[in-house]
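What follows is each chain in one-letter form.
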Amino acid sequence: MPRTSTIINNSHLVIDTSMAKPDTTTIVERKGLGHPDTLADHLAERLSRAYSHHTVARFGAVLHHNFDKLALLGGGSEVRYGAGRMTAPVRVLVNGRAAPMCGSEKIPVEEIVETEVRAFFAERLPEVSDHLDIVFNITSNSSPGAVLTGDGVPDRTRWFNPRSVDDLRVRLSNDTSLGTGWAPENAFESFVRELVNHFSGESVFTRAHAWCGSDVKLMGYWDGDQADVVLCVPQKSRHVASRVEYVRNAESVLAECHRLAGLRLPGAQARFRLNARDVPEKDELYLTYTGSSIESGDEGVVGRGNRVNGLITPLRPMNLEGANGKNPVYHVGKLYNIAAQRLAERLHETTNGHAEVHLVSTTGQRLDQPWRILVRLSAPYAEIDKVQALVAETLGEFPALTDELVSDGIVLS
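Throughout this description, residue numbers start from 1 for each chain and increase along the sequence as written. Given that the model is predicted, a residue must reach a pLDDT of at least 70 before its local features are reported, and side-chain atom pairs must reach 80 or more before they are shown or counted; all residues, however, enter totals for whole chains, interfaces and linings. The side-chain figures draw on all heavy atoms in the structure; neither hydrogens nor water molecules are used.

Engineer: Honestly, the layout of surface pockets in this entry has me stumped. Any pointers?
Structural biologist: In this approach a probe as big as a water molecule rolls over the atoms, and the regions it shows empty are the leftover space. Every definition here rests on a 1 Å grid over the protein atoms only: cavities are sets of points where a 1.4 Å probe fits but cannot get out, pockets are open sets enclosed by protein on both sides within 12 Å along at least five of seven lines, and lining residues have some atom within 4 Å of a point. Grid points are joined across faces, edges and corners, and a volume is the space filled by probe spheres set on the points. Estimated volume of the largest pocket: approximately 500 Å³. Lining the largest pocket are 20 residues, with C232, R277, Y286, S293 and D298 sitting closest to its centre. Listing elements by their share of the lining of the largest pocket, those giving two or more residues are α1 (36-59), β14 (226-232) and β18 (299-301). Per the convention used, a helix needs a DSSP run of H or I reaching at least four residues, while a strand needs a run of E reaching at least two, with both numbered from the N terminus. Element by element, the count of residues in the lining of the largest pocket is highest for β14, at three residues. Looking at the lining of the largest pocket residue by residue, the class counts come to eight nonpolar, three polar and nine charged. Any residue that is not Ala, Val, Leu, Ile, Met, Phe, Trp, Tyr, Cys, Pro, Asp, Glu, Lys or Arg is counted as polar, Gly included; the first ten are nonpolar and the last four charged.

As structure tokens, this is what we get:
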């Protein structure tokens, strides 16, 4: 495999060409909008944006914060044909750190958080919005490294307690971590994303079928000719009057799956298993009051769901960073994953081949100067100058990337 190694803006860049393209065999998972892990991811990101909006409006800068350890603990529910109710609240554990002050001005952190949590559930799962127990575990403790010597106050202690925005240390990597991206998706990966969105979000199907819940999950296997899919699609109990109706609704989901597979995977054989744990004769069914398992004991934790490209792909390169809720200014677990994915897509468009990108940071060093950059391309004759130019362009975009995140221009799926 031809390799080029160089230094670009103090970063060690390695470019491999003629790498083998990924095997056709694909295993892919996607969690829908109502899945507890997706709920936790999206709520954490919403809290980060709300806090960022407030501090930018008040102080002209995003203050230090992280909400990426948020967790949801499932409540209790009672489900009957044609009816249902919540019997215990969903607990929202808001774990993280946020600057509570800037100078002498107090930042209403808990008020911001509570407002956003309640608005989020009112939009996403309205049946849950009046059954929430919000627990605040938000600190302003500094990271390790604030060594006391004499009467002075170490600068590091001011990260979460700044005297003014002048105390903010920005554009330095907060951690030694990495971001990973690849492109392009194959037809099956794109189909998986579309199918889950079709059943868990706004679509012609969900608008026509009020019983369709949003806690959709899909696991798929693809060998290039055959698709084998295990799919979970809940039904909302108050819209399902009987077991017969539930079974009929499930048949309509399967028919829709085959219709979309015919459009997106023409000529391929597709097999679908729906709600594999159902035992209809015992009335053990994926029938829910809210459309999500968060109503009944299930939990959701940031970082356990879809990666920044919206998929979980164990046969593709990926890392375990949970991007949602992380600070959009300096947190490499967020910024490097988004940047790596964008760079991979640009390299794919430029080389017309497969591209992988890995950005590796060193804590405390400049964000736009990763410690290591690895670019792997299937194209045998990639123009190295163009590749280097695209890398430099991507590294120069971190301020604009922060602005996109704060202004809701990027949706992490």
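Engineer: Help me understand the packing of α1 against helix α2 (residues 109-124), please; the structure alone is not making it clear to me.
Structural biologist: Two quantities define a packed helix pair, namely the angle between the axes and the distance from one axis to the other. Packing of α1 against α2 leaves a shortest axis separation of 10 Å and a crossing angle of 135°. Compared by their axis directions, α1 and α2 come out oblique. Relative to α2, α1 is oriented so that their crossing is right-handed. Of α2, the residues touching α1 (which contributes L39, H42, L43, R46, L47, A50, Y51 and H54) are V109, I112, V113, E116, V117, A119, F120, F121, E123 and R124. Tallied by class, the residues present in the contact of α1 with α2 amount to 12 nonpolar, two polar and four charged. Fitted lines through C-alpha atoms give the axes, limited to the stretch in contact for helices. The angle between two N-to-C directions lies from 0 to 180 degrees. Orientation categories follow fixed angle ranges, with anything under 35 degrees roughly parallel, anything over 145 roughly antiparallel, 65 to 115 roughly perpendicular, and all other angles oblique. Definitions for this section: a left-handed crossing has its near helix turned counterclockwise from the far helix by less than a right angle. A right-handed crossing has that turn clockwise. Contacts: residue pairs with any heavy atoms within 4.5 Å of one another.

Engineer: Quick question: what am I supposed to make of the sheet that holds strand β19 (residues 355-360) here?
Structural biologist: The strands making up a sheet associate through backbone hydrogen bonding, with each pair oriented either parallel or antiparallel. The mixed open sheet is built from five strands, whose spatial order is β1-β2-β20-β19-β12. Where the open sheet ends on each side, the last strands, each with one partner, are β1 (3-8) and β12 (178-183). Sheet twist, expressed as the mean angle between neighbouring strand axes with direction ignored, is 10°. Only strands that DSSP links by at least two bridges are regarded as paired with each other.

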